[in-house]
Amino acid sequence: MQVHAAPIQFDHFQSKKNDDCQARILAARKKLGKRLVILGHHYQHESVYRHADFSGDSLKLSKYCENLDAEFIVFLGVHFMAEVADILSRPEQVVILPDLAAGCSMADMANLAKVERSFRELNNVLNFDETITPVTYINSAADLKAFCGEHGGIVCTSTNAPKILDWSFKQREKVLFFPDQNLGRWSGYQMGIPLEQMPIWDPDQPQGGLTIEQIKNAKILLWKGHCAVHQMFRPQNIEQFKQVHPDGQVISHPEAPFDVCLNSDFVGSTEYILKTVSEAAPNTKWLVGTELNLVTRLAEQMQPQGKLVQFMSHVVCECSTMARIDPQHLAWVLENLVDGNIVNQITVPADEAVLAKLTLDRMLAAS
Ligand code: 13P
Ligand code: SF4
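Position numbers for residues count from 1 along each chain, tracking the sequence in the order it is written. Both sets of labels track the order of writing: A upward for chains, 1 upward for ligands. The model is predicted, so local features are restricted to residues of pLDDT at least 70 and side-chain atom pairs to those at 80 or more, both for listing and for counting; the totals for chains, interfaces and linings are taken over all residues. Water and hydrogen atoms were dropped before computing side-chain values, which therefore reflect all heavy atoms in the structure.

(A) Representation of the overall build of the protein in the model. A tally of regular secondary structure across the protein gives 17 helices and 13 strands. Two things to know: the radius of gyration comes from C-alpha atoms, and the globule rule equals 2.2 Å times the number of residues to the power 0.38. Here the C-alpha atoms of the protein give a radius of gyration of 21 Å, agreeing with the 21 Å that 2.2 N^0.38 yields for 367 residues. Expressed along its principal axes, the backbone C-alpha trace of the protein runs to roughly 65 × 55 × 35 Å. Only heavy atoms enter the contact rule, under which two residues are in contact if any of them lie within 4.5 Å. Looking at the protein alone, contacts between residues at least 24 apart form 68% of all its contacts between residues at least 6 apart. Of the accessible surface of the protein, which amounts to about 15500 Å², a share of 50% is contributed by carbon and sulfur atoms. Positive residues here are Lys and Arg, negative ones are Asp and Glu, while His and the chain termini are left out of the count. Where a charge lies is defined by one atom per residue type: Lys uses NZ, Arg uses CZ, Asp uses CG and Glu uses CD. Placing the 33 positive and 43 negative side-chain charges of the protein at their respective mean positions leaves the two points 3 Å apart. In this text, helices come from DSSP runs of H or I with a minimum length of four residues, and strands from runs of E with a minimum of two, each type numbered from the N-terminal end. Accessible areas in this description were obtained via Shrake-Rupley with a 1.4 Å probe; residue shielding takes into account the shown protein chains only.

(B) Structural context of the sheet that holds strand S2 (residues 54-56). Spatially, the four strands line up as an open sheet ordered S2-S1-S3-S4, and their pairing is parallel. Each having just a single partner strand, S2 and strand S4 (94-96) make up the two edges of the open sheet. On average, each strand axis in the sheet is inclined to that of its neighbour by 20 degrees, with strand direction left out of account. Pairs of strands are assigned from DSSP output, requiring at least two bridges between the strands. Here five bridges tie strand S1 (residues 36-41) to strand S3 (residues 72-76), and the two strands are oriented parallel to one another. Looking across to S3, one finds that isoleucine 38 is bridged to valine 74. Here an axis means a line fitted to C-alpha atoms, over the contact stretch when the element is a helix, while the angle between two N-to-C directions is reported on a 0 to 180 degree scale.

(C) Focus on the nonpolar core. Val74, Phe177, Ile220, Leu330 and Leu334 are the most contacted members of the largest nonpolar core, which has 103 residues in total. Filtering out sequence-adjacent residues up to four positions away, isoleucine 220 remains in contact with Leu165, Phe169, Val175, Phe177, Gly184, Gly188, Ile193, Gln197, Met198 and Pro199. What we call a nonpolar core is a set of buried Ala, Val, Leu, Ile, Met, Phe, Trp, Tyr and Cys residues that are connected through their side-chain atoms within 4.5 Å. Only protein chains enter the accessibility calculation, which uses a 1.4 Å probe. A residue is then buried if its area is under 20% of the maximum for its type, exposed if over 50%, and partly exposed in between.

(D) Fine view of the packing of aromatic side chains. Only the six-membered ring of Trp is used, alongside the rings of Phe and Tyr, when aromatic pairs are assigned; centres must lie within 6.5 Å, and planes under 30 degrees apart are stacked while those over 60 apart are edge-to-face, with the rest tilted. Across all of its chains, the model carries eleven aromatic pairs by this definition. Judged by centre distance (5.0 Å) and plane angle (85 degrees), the rings of tyrosine 189 and phenylalanine 258 are edge-to-face. Note that tyrosine 189 is positioned in helix H10 (residues 181-190) and phenylalanine 258 in helix H13 (residues 258-262), a separation of 69 residues in sequence. By relative accessible area, which is 35% here, tyrosine 189 ends up partly exposed. One aromatic cluster in this structure is built from Phe119, Phe128 and Phe147. Over the ring of phenylalanine 13 we find lysine 16, and its NZ or CZ is 5.6 Å from the ring centre. When the ring centre of tyrosine 49 is taken as reference, the NZ or CZ atom of arginine 297 above it lies at 3.5 Å. Sitting over a ring, as applied to charges here, requires NZ of Lys or CZ of Arg to be within 6 Å of the ring centre and within 35 degrees of the ring normal.

(E) Focus on the site of ligand 1. Taken together, His41, Tyr43, Asp57, Ser58, Tyr137, Asn139, Ser158, His230, His253, Glu255, Ser269 and Thr270 are the residues near ligand 1. A distance of 3.4 Å separates an oxygen atom of ligand 1 from a polar side-chain atom of tyrosine 43. Whenever a nitrogen or oxygen atom comes within 3.5 Å of another N or O atom, the pair is scored as a polar contact, on the condition that within protein one atom can donate a hydrogen and the other can accept it, and that pairs from neighbouring residues in sequence are kept only if both atoms are in side chains. Contacts to ligand 1 include glutamate 255, whose side-chain N or O atom sits 2.7 Å from an oxygen atom. Burial of ligand 1 by the protein chains amounts to 96% of its free accessible area of 300 Å². Looking at the shell around ligand 1 residue by residue, the classes come out as two nonpolar, eight polar and two charged. Throughout, the term near means that a residue has one or more heavy atoms lying within 4 Å of the molecule or strand in question. The nonpolar class holds Ala, Val, Leu, Ile, Met, Phe, Trp, Tyr, Cys and Pro. Asp, Glu, Lys and Arg form the charged class, and all remaining residues, Gly among them, are polar.

(F) Main features of the sheet that holds strand S6 (residues 154-156). Spatially, S6-S5-S7-S9-S8 is the arrangement adopted by the five strands of the open sheet, whose pairing is parallel. Every other strand in the sheet has two partners, leaving S6 and strand S8 (200-201) as the edge strands with one partner each. Where strand S5 (residues 132-137) and S6 come together, three bridges link them in parallel fashion. The partner of tyrosine 137 across the bridge, within S6, is cysteine 156. With respect to the sheet, helix H9 (residues 161-171) is in contact with S5, S6, strand S7 (174-178) and strand S9 (220-223), its orientation differing from that of S6 by roughly 160 degrees.

(G) Inspection of the packing of helix H14 (residues 270-279) against helix H15 (residues 292-302) at higher detail. Viewed as axis vectors pointing N to C, H14 and H15 meet at an angle of 20 degrees, and their least axial separation amounts to 11 Å. Taken together, the axes of H14 and H15 are roughly parallel relative to one another. In terms of crossing hand, the pair formed by H14 and H15 is right-handed. Contact with H14, carried on its side by Thr270, Ile273, Leu274, Val277 and Ser278, involves Leu294, Leu298 and Met302 of H15 and no other residues of that element. Here is the rule for angles: anything less than 35 degrees is roughly parallel, anything more than 145 is roughly antiparallel, 65 through 115 is roughly perpendicular, and the remaining ranges are oblique. Crossing handedness: left-handed means the near helix sits turned counterclockwise from the far one by under a right angle, and right-handed means the same turn made clockwise.

(H) Local environment of the site of ligand 2. The environment of ligand 2 is made up of Tyr43, Cys104, Ser105, Met106, Asn139, Cys227, Val229, Glu255, Cys319 and Met322. Class assignment of the residues belonging to the shell around ligand 2 gives a composition of seven nonpolar, two polar and one charged.

(I) Inspection of a negative patch on the surface at higher detail. Patch membership requires more than 30% relative accessible area and the absence of a salt bridge. Residues of like charge join within 9 Å; the nonpolar side chains Val, Leu, Ile, Met, Phe, Trp and Tyr join within 5 Å. When a carboxyl oxygen of Asp or Glu lies within 4 Å of a side-chain nitrogen of Lys or Arg, that pair is called a salt bridge. Among the surface-exposed residues, Glu116, Asp129, Glu130 and Glu150 lie close enough to one another that they form a single negatively charged patch. Along the polypeptide, glutamate 130 turns up in helix H7 (residues 128-131). Exposure remark for glutamate 130: the relative accessible area of 60% places this residue in the exposed category.

(J) Just the pairing of strand S10 (residues 249-252), in detail. Two strands pair when backbone bridges link them, and S10 and strand S12 (residues 285-289) are joined in this way by four bridges, in the parallel orientation. Each bridged residue has a counterpart across the sheet, and for glutamine 249 the counterpart in S12 is tryptophan 286. Pairing of S10 with strand S11 (residues 266-267), which is carried by two bridges, proceeds in the parallel orientation. In the sheet register, isoleucine 251 faces S11, and the bridge partner there is phenylalanine 266.

(K) Representation of the side chain of glutamate 255. Locating glutamate 255 in the fold gives a position in the loop between S10 and H13. With no salt bridge to any partner, buried glutamate 255 finds its closest opposite charge in lysine 145, at an N-O distance of 12 Å. Not counting residues up to four positions away in its chain, the partners in contact with glutamate 255 are Met106, Tyr137, Asn139, Asp180, Asn182, Cys227 and His230.

It is worth stressing that arrangement in space is one thing and function is another; only the former is reported here.
Put into structure tokens, the structure is as follows:
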């Protein structure tokens, strides 16, 4: 293997044409062979998604990470997903995120300082560790997963959230759910919890903006966070679709606002959305409330079966951070690997990783 003194800088790839990058990716893959595996989330653009050896939603991708043999795991997704891959893979395996700026704006709505302050404030009202199970959506930084590990909490994904809440209520009477209020509310509602027992916890307000009475009456405290992409969907989009297609069906991701989920025929993870529409009868019509790249790809795939797959919003709802992973970045990290250089490695500090793994293992066991 040829070894470069220094890694190739990304500047050399920035202006390269997509076609050139596609050829470079294929050539590098050939050289790396079984040493490399590429994982891709369903929101990735087709230009990189086509290179994924395995694709899936967050839960499915997490499970793959436990059983991979490759030396290098390149993650086509966002930062928290690559962190999970690092935590669940073997210590000697290297996880790479082609663009380190591919974060998740929803995950960034909670951070350790705010969660620890919330812990102290809630602890002033009731004994946190005895009454509250902290539940973090997998869309969160590793240190928040570690916080949950330290405080008897757990991780959930869009697939297993009601099951995980069920587990959580078996441990303690209340849940602090972060960072996505929409997933927390929809999952709690599915379990029959009244909306008034799921108040919003605003981490930027003293005592979350709640009275002592509200905290004591709450079953789930919903962190004031949301996904900017799914927040764009409106019940009016559904009404308009149903007017044109009275026989059409609506399917949404649980990160969508509550009234959108309530007016949808089906609600579930990205994997669930793909499976449900793919397995539906030919010539059926679908309005889909999730990220644009997934919907565009699904619409193309379903066309030969005469299925209409329509995106829920009139405005473009692409996840701009997912979109940072492009053929230029993928070609760049792979050519560096061929040269023996590792760039953009994701490494979760060992102490954090141990606690975060505890919560992920709890989740995998409970789901
Ligand atoms: P899934 O786990 O359903 O793929 O969702 C991840 C995500 O970030 C949705 O916005
Ligand atoms: Fe995060 Fe929303 Fe993008 Fe999913 S779609 S990765 S929740 S910003």
